[in-house]
Amino acid sequence: MSVKTGCWFAVAALILSIVQPVTGELTDTQVRNAIERGSSFLKTEQKSDGHWTEHSIYVGGVTALTTLALLNSGEDVKSPTIQKSLAYLRSLGEPSTVYATSLQTMAMCAAEPAKDAAIIGRNVKWLEAVQLRGGLRKGAWNYADKKGSGDNSNTQFALLALHEAHRIGIEVKRDTWELALDYWLRTQREDGSWGYTESEPATGSMTCAGIGCVVICQSKIGSGDARLIGSSVECCGTQTDDDAIERAMQWLSRHFSTNSNPSSINLRYRHLFYYLYAVERTGRLTGRRFIGRHDWYREGATTLLNMHDDFRGSWSGAAPAEDVPTVATSLALLFLAKGRRPVVMSKLQYGENQQWDLHRSAVQHLTERVEQRWKRDLSWQTVDVRAATLEDLLQTPVLCISGREAFELTVDQKENLRQYVNQGGFIFAEACCNGEAFDRSFRALMNQLFPDSSLRLLPEDHPVWYAEEKVNAKYLRPLFGIDACCRTSVVYCPKDLSCFWELDRGVRNADYPKDVQEEVEACLAIGKNVVTYATSRELKNKLDRPQIAINRPAEDLERSVLYMPKLRHDGGSDDAPNALPNMLNFVRSQAQLRIDVTNRMVSATSDDLFDYPIVYMHGRRAFRFSPDERKAIATFVDRGGVIFADAICASPEFADSFRREMKNIFPAQSLARISPEHPMFTREFRGYDLAKVTVRDPQLRNADDPLITNLTEVSPLLEGISIDDRMMVIFSPYDISCAMENSNSLECKGYLKEDAAKIATNVVLFVLQQ
């Protein structure tokens, strides 16, 4: 039954009295709370000298594992807990076992690598010295020395340690990687799997170990898909065969579980926590959100939270070592914390060949540089356009499309990409290796997706040139963009970028000629700037479901539910289609109201207008209402309705039009600033204290950090029209919509997302109760 005029205040009272039920789906908050409880448990178990109860043989191993888990869970390296554990680890003698030495190395690399470089270097030399150099398992590691036969578990931990040491600049001999890679490839079974040894059953944990180790070894000894020949850079080189990884992933997909460690002979192998830690590493190193059809992190986190001891905050398993809560809890935290790292960008897989991924490590290298710049752990993924839904695409804030040859997408794939951008996504594309055919295909695709816009050359004052750092002018590339949803939402480079990202070797870039070093850094700077511009360094939590805006036609409305549509006009009434759903979703969750969060549009002359107590308006261009529309709006307000509006990106054209139209509709009234002391800005109506809010002003940009230095704290600026003490029009000349649509935009003068959401909450609560 429709909500009609005269019932609004009764409806408002009912809405305010009903709490929105909480869904049963796993949330990031639940995972974060479990991580915090697990970390607290581990800290209570620490001994006074800094260690945790150790295994009698692998002394230092449990303490190193626990330290690593705490660091990845967010424990400050300067905290007393970590400092005491590091002091204990430093006090240990010479290396004696592979497990303990490897874990000690990994913990020190994660904590204070510069301070512990000598110990890390010593451990690397020891691990290299005890690698098996002969026999059936040549290239593997044993528990302690060369006398044993070697196994895949010890080999995995040794390589993980060497990998972390290599990342911080410790030299690892090339033949160490070569021998290890040859071992893993030689011992892989025909079905793609691995077992603890070649004579034992294949398991999920050991197959994950094999995948991770092959990825690591190939990254160390492969020349990459871009290389230096003399002083010249060769892009799009001959690619190495990834068949071993793909066969292993197929085996894992067929046998995947998060409730047990799968085996090829259907035995229930008990090392579940050890296996899940390996699953996390597999998903992260290969850039996969899904293993087969399984969202490995969501499923694994659900399993772990169902096993969590809510009273103690710990985990415990049935297998040897995992029956020790300290060990099981550390492994659980490593899965939850490392797997929870937010996705910053994804590669788009398309077509039947590898032309979409001609520089396979490029996005990984750029992600690592963004991590360093932002000082936070991030992840990247691959999205297959052939299988991805719109929701899948919206899991990533930046979608990277690269190639050299012509390509074609299906109608459904094109529509998903169009909706992805319209719902707040960002496309970062490049034509690599003189890809003229790709260039033509991409430009044609953009023309089809956005016929009202076109790729324009981005000017030198666009934020993509300075969002993180200035780009060396000698190595600038042309960047083209398409504006959509409050910002430039597509950035395209017709020259190589990923080739030079591929070349990045971190501290080892010093081995390149100076001009190559400079071009690598310039291309990385462009990449970092684009990613920062696209995200404003704000990323969704990994478990957050995308909020998809769907335009709904008028229909019968449910009693006790608040519906808030957008008012149609020709000044961009739906230019930020996701702004209102995001806004209403925040109001619903924070104020505990029953609110419909779909993106509804209503015309001023429609009878449906009078079904709603409040309508929303935004835009960024000049507009004009017709005489009939003005009359209908006046009637709507006279019957108790309220208009809430904002100017997208503080558009002066929209603001001037809005003020003019309100004057035409209400000639005896004028929009005037609402006093900062107004109860609307207080907690009086169950809202927020908004004495001060933060506004981003592009005109205040400072080269040091554009995302921070153009912020000012002010009283909220809203304008209003009231009659007989009833506020009937509320208008923000500063942007609210763009903040709610995507994230904080460097180009928009307006409120930060958090403050925009709070202002909207206070306005809605005030309107319902005034």
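Caption draft 1: Layout of the overall build of the protein. In terms of regular secondary structure, the protein is built from 25 helices and 22 strands. Taking 2.2 N^0.38 as the reference for a compact globule, 770 residues should give roughly 27 Å; the C-alpha atoms of the protein span a radius of gyration of 29 Å, in line with that estimate. Oriented by its inertia axes, the alpha-carbon framework of the protein measures out at about 95 × 60 × 45 Å. Residues counted as buried form 60% of the 770 residues belonging to the protein. As displayed, the protein has an accessible area near 30,700 Å², and 49% of this comes from carbon and sulfur atoms. Once the 89 positive and 99 negative side-chain charges of the protein are each reduced to a mean point, those two points are 2 Å apart.

Caption draft 2: Expanded view of the pattern of salt bridges. Taken as a whole, this structure holds 48 salt bridges when the rule is applied. Residues Lys749 and Asp697 are paired through a salt bridge, measuring 3.9 Å at the closest nitrogen-oxygen approach. Separated by 52 residues along the polypeptide, Lys749 in the loop between helix 24 (737-741) and strand 22 (750-751) and Asp697 in the loop between strand 18 (693-696) and helix 23 (706-709) bring together distant segments of the chain. Beyond isolated ion pairs, a larger network of salt bridges with shared partners links Glu25, Arg289, Asp295, Arg298, Glu391 and Arg545.

Caption draft 3: Quick peek at the packing of aromatic side chains. Enumeration over the complete set of coordinates arrives at 25 aromatic pairs. Note on Tyr297 and Phe335: the rings are 5.4 Å apart at their centroids and 15° apart in plane angle, and the pair reads as stacked. You can see Tyr297 sitting in helix 12 (residues 296-307) and its partner Phe335 sitting in helix 13 (residues 325-339), a full 38 residues away along the chain. With relative accessibility at 2%, the residue Tyr297 sits in the buried group. Classification of Phe335 as buried rests on a relative accessible area of 0%. With 6.1 Å between their ring centres and 25° between their planes, Phe654 and Phe658 make a pair best called stacked. Here Phe658 and Phe654 lie together in helix 22 (residues 652-665), a separation of four residues that amounts to about one turn.

Caption draft 4: Region of the structure containing the packing of helix 9 (residues 204-221) against helix 10 (residues 243-255). Two numbers describe how helix 9 lies on helix 10: the axes approach to 10 Å, and their chain directions differ by 155°. By the angle between their directions, the pair helix 9 and helix 10 is classed as roughly antiparallel. Regarding helix 9 and helix 10, the two cross each other, and that crossing is left-handed. On the side of helix 9, the interface is formed by Gly204, Thr207, Cys208, Ile211, Val214, Val215 and Gln218, while helix 10 contributes Ile245, Ala248, Met249, Trp251 and Leu252. Tallied by class, residues from the contact of helix 9 with helix 10 come to nine nonpolar, three polar and no charged.

Caption draft 5: View of the sheet that holds strand 22. A sheet is described by the order of its strands in space; here three strands give the open sequence 19-18-22, paired in antiparallel fashion. What marks the edges here is a single partner per strand, and that holds for strand 19 (711-714) and strand 22. As defined by bridge partners, strand 18 adjoins strand 19 across four bridges and the pair is classed as antiparallel. Bridging across to strand 19, Val695 finds its partner in Thr712.

Caption draft 6: A look at helix 3 (residues 61-72). Compared with an ideal rise of 1.5 Å per residue, which puts twelve residues at 16 Å, helix 3 spans 17 Å between its outermost C-alpha atoms and is within 8% of the ideal. Among the twelve residues that make up helix 3, twelve are buried, leaving the element largely enclosed by the rest of the structure. For helix 3, every residue scored as buried is listed here: Gly61, Val62, Thr63, Ala64, Leu65, Thr66, Thr67, Leu68, Ala69, Leu70, Leu71 and Asn72. Buried residues along helix 3 sit in contact with helix 2 (28-45), helix 4 (80-91), helix 5 (98-111), helix 11 (272-286) and helix 13. Note on helix 3: the residue one or two positions beyond its end, Gly74, has a positive phi of about 105°.

Caption draft 7: Examining the side chain of His359 more closely. Inspection of the secondary structure puts His359 in the loop between strand 5 (343-349) and helix 14 (362-374). Reaching out from His359, the side chain makes a polar contact with the backbone nitrogen of Cys236 at a distance of 2.9 Å.

Caption draft 8: Fine view of the state of the cysteines. This structure, assessed with the given rule, holds three disulfides. Residue pairing for Cys235: its cysteine sulfur links by disulfide to Cys499, the two sulfurs lying 2.0 Å apart. Torsion about the S-S bond of the Cys235 and Cys499 cystine: about -85°, corresponding to left-handed handedness. Taken together, the positions of Cys235 in the loop between strand 2 (232-234) and helix 10 and Cys499 in helix 18 (residues 498-503) put the pair 264 residues apart, joining distant regions of the chain.

Caption draft 9: Structural view of the sheet that holds strand 11 (residues 487-493). Pairing within the open sheet is mixed, and its seven strands lie in the order 6-5-7-8-11-10-9. In the strand order of this sheet, the two ends are held by strand 6 (379-384) and strand 9 (456-457), each with one partner. Bridge analysis of strand 10 (residues 480-484) against strand 11 gives five bridges, and the strand direction is antiparallel. Note that in strand 11 the partner of Ile482 across the bridge is Val490. Those strands touched by helix 19 (residues 514-535) are strand 5, strand 7 (398-403), strand 8 (426-431) and strand 11, and its axis lies near 160° from that of strand 8.

Caption draft 10: Molecular detail of unusual backbone geometry. You will see that Ser536, though not glycine, has its phi angle at about 55°, which is positive. In this structure, Ser536 sits in the loop between helix 19 and strand 12 (551-552). Looking at Ser536, the relative accessible area reads 7%, which means it is buried. Positive phi, normally seen in glycine, also occurs at Arg537, with a value near 65°. Inspection of the secondary structure assignment puts Arg537 in the loop between helix 19 and strand 12. Arg537 sits in the partly exposed class, given a relative accessible area of 23%.

Caption draft 11: Seen up close, the nonpolar core. Grouped together as the largest cluster of nonpolar side chains are 97 residues, with contacts concentrated most on Val31, Trp141, Leu159, Trp315, Phe335 and Leu336. Apart from residues no more than four positions distant in its own chain, Trp315 is found in contact with Ala34, Gly38, Phe273, Leu304, Met307, His308, Pro325, Ala328, Thr329, Ala332, Leu333 and Leu336.

Caption draft 12: Main features of the pairing of strand 21 (residues 726-732). Most of strand 21 sits inside the fold, with six of its seven residues counted as buried. Strand direction decides the pairing type here: strand 16 (residues 642-647) and strand 21, joined by four bridges, are parallel. Bridging from a neighbouring strand, Ile643 pairs with Val729 of strand 21. Alignment of strand 20 (residues 719-723) against strand 21, held across five bridges, turns out to be antiparallel. Bridging across to strand 21, Gly720 finds its partner in Ile730. With antiparallel pairing between neighbouring strands as the criterion, strand 20 and strand 21 make up a hairpin whose turn holds two residues, including Asp724 at a positive phi of roughly 55°.

Caption draft 13: Empty space enclosed by the protein, seen in detail. This model, assessed by the stated rule, comprises six cavities of 30 Å³ or more. Within this model, the largest cavity holds a volume of roughly 150 Å³. Every residue lining the largest cavity is counted, 16 residues in all, and those nearest its centre are Val363, Cys400, Ser402, Glu430 and Ser498. Among the elements of the structure, strand 5, helix 14, strand 7, strand 8 and helix 18 are those that each provide at least two residues to the lining of the largest cavity. Partitioned by chemical class, the residues of the lining of the largest cavity number ten nonpolar, three polar and three charged.

Cut-offs applied
Residues numbered from 1 in each chain as written. Predicted model: local features only at pLDDT ≥ 70, side-chain atom pairs only at ≥ 80, totals over all residues. Heavy atoms only, no water. Helix = DSSP H or I, 4+ residues; strand = E, 2+ residues; numbered from the N terminus. Rg over C-alpha atoms; globule rule 2.2 N^0.38 Å. Buried < 20%, exposed > 50% of the residue type's maximum accessible area, 1.4 Å probe, protein only. Areas by Shrake-Rupley, 256 points an atom, 1.4 Å probe, with all protein chains shown as cover. Lys, Arg positive; Asp, Glu negative; His and termini not counted. Charge placed at Lys NZ, Arg CZ, Asp CG, Glu CD. Salt bridge = Lys/Arg side-chain N within 4 Å of Asp/Glu carboxyl O. Phe/Tyr/Trp six-rings, centres within 6.5 Å; stacked < 30°, edge-to-face > 60°. Axes fitted to C-alpha atoms, helices over the stretch in contact; angles between N-to-C directions. Parallel < 35°, antiparallel > 145°, perpendicular 65-115°, else oblique. Left-handed = near helix turned anticlockwise from the far one by under 90°. Contact = heavy atoms within 4.5 Å. Nonpolar A, V, L, I, M, F, W, Y, C, P; charged D, E, K, R; others polar. Pairing = 2+ DSSP bridges. Expected span 1.5 Å × (residues − 1). Polar contact = N/O pair within 3.5 Å; in protein donor to acceptor, adjacent residues only side chain to side chain. Disulfide = S-S within 2.5 Å. Core = buried A, V, L, I, M, F, W, Y, C linked by side-chain atoms within 4.5 Å. 1 Å grid on protein atoms, 1.4 Å probe; cavity = no way out; pocket = protein on both sides within 12 Å on 5 of 7 lines; lining within 4 Å. Points joined across faces, edges and corners; volume = space filled by probe spheres on them.

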